[in-house]
Amino acid sequence: MGDIKLFNIKPSVRAIELKPAKLEKGVQQLIEANMEAFFGIRFLQTEYVINHAGEYENQAGRIDSLGIDENNSPIVFEYKRDSNENVINQGLFYLDWLMDHRADF
């Protein structure tokens, strides 16, 4: 599957040229300022620091953006310019931490 394409539809359909963000921070600020409008998620905190002693041993991490949905379930936003295999490990680390801290939400 290729990249996602966006289109202007008026006055006629034409593809929009996509450009990568220069910095993750700009995308992060845009999402955090509009999290409710984009996703229906209430924004809680940016750069939320976690310490975790679980399956992933004693590790610390930083959730880029933390939100909460209508069911009071935590939502983690992580911004990446590139893809790599470490993204899965990072997601599992956050999931493990969230499972151990359900009462916090």
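Conventions used here
Residues numbered from 1 in each chain as written. Predicted model: local features only at pLDDT ≥ 70, side-chain atom pairs only at ≥ 80, totals over all residues. Heavy atoms only, no water. Helix = DSSP H or I, 4+ residues; strand = E, 2+ residues; numbered from the N terminus. Contact = heavy atoms within 4.5 Å. Buried < 20%, exposed > 50% of the residue type's maximum accessible area, 1.4 Å probe, protein only. Arc of directions from axis to C-beta. Lys, Arg positive; Asp, Glu negative; His and termini not counted. Salt bridge = Lys/Arg side-chain N within 4 Å of Asp/Glu carboxyl O. Polar contact = N/O pair within 3.5 Å; in protein donor to acceptor, adjacent residues only side chain to side chain.

## Side note on the environment of Met35
Part 1 of the reasoning: Mapped onto the secondary structure, Met35 falls in helix H2 (residues 35–39).
Part 2 of the reasoning: Once the C-alpha coordinates of Met35 and Gly67 are considered, the two residues, 32 residues apart in sequence, prove to be 8.1 Å apart.
Part 3 of the reasoning: Setting aside residues up to four positions removed in sequence, Met35 forms contacts with Gly40, Ile41, Arg42, Phe43, Ser65, Gly67 and Phe77.

## Thoughts on helix H1 (residues 24–33)
Part 1 of the reasoning: Those residues of H1 that fall on the buried side of the exposure criterion are Gln28, Ile31 and Glu32. When H1 is viewed along its axis, its buried side chains cluster within an angular range of 95 degrees and face the same direction.

## Observations concerning the side chain of Asp69
Part 1 of the reasoning: Secondary-structure assignment places Asp69 in the loop between strand E4 (57–68) and strand E5 (74–77).
Part 2 of the reasoning: Buried and unpaired, Asp69 has no salt bridge, with Arg42 as the nearest side chain of opposite charge at 8.8 Å.
Part 3 of the reasoning: At a separation of 2.9 Å, a polar atom in the side chain of Asp69 contacts the main-chain amide nitrogen of Ser73.
Part 4 of the reasoning: Not counting residues within four places of it along the chain, the set of residues in contact with Asp69 comprises Ile41 and Ile75.

## Looking at the pattern of salt bridges
Part 1 of the reasoning: Summed over all chains, the structure comprises 4 salt bridges.
Part 2 of the reasoning: The partner of Glu47 in a salt bridge is Lys25, and the shortest N-O contact between them spans 3.7 Å. With Glu47 in strand E3 (residues 42–54) and Lys25 in helix H1, this pair connects stretches of sequence that are 22 residues apart.
Part 3 of the reasoning: For Glu47, a relative accessible area of 22% translates into the label partly exposed.
Part 4 of the reasoning: Looking at Lys25, the relative accessible area reads 39%, which means it is partly exposed.
Part 5 of the reasoning: A single network of salt bridges, built from pairs that share partners, joins Lys25, Glu47, Arg62 and Asp64.

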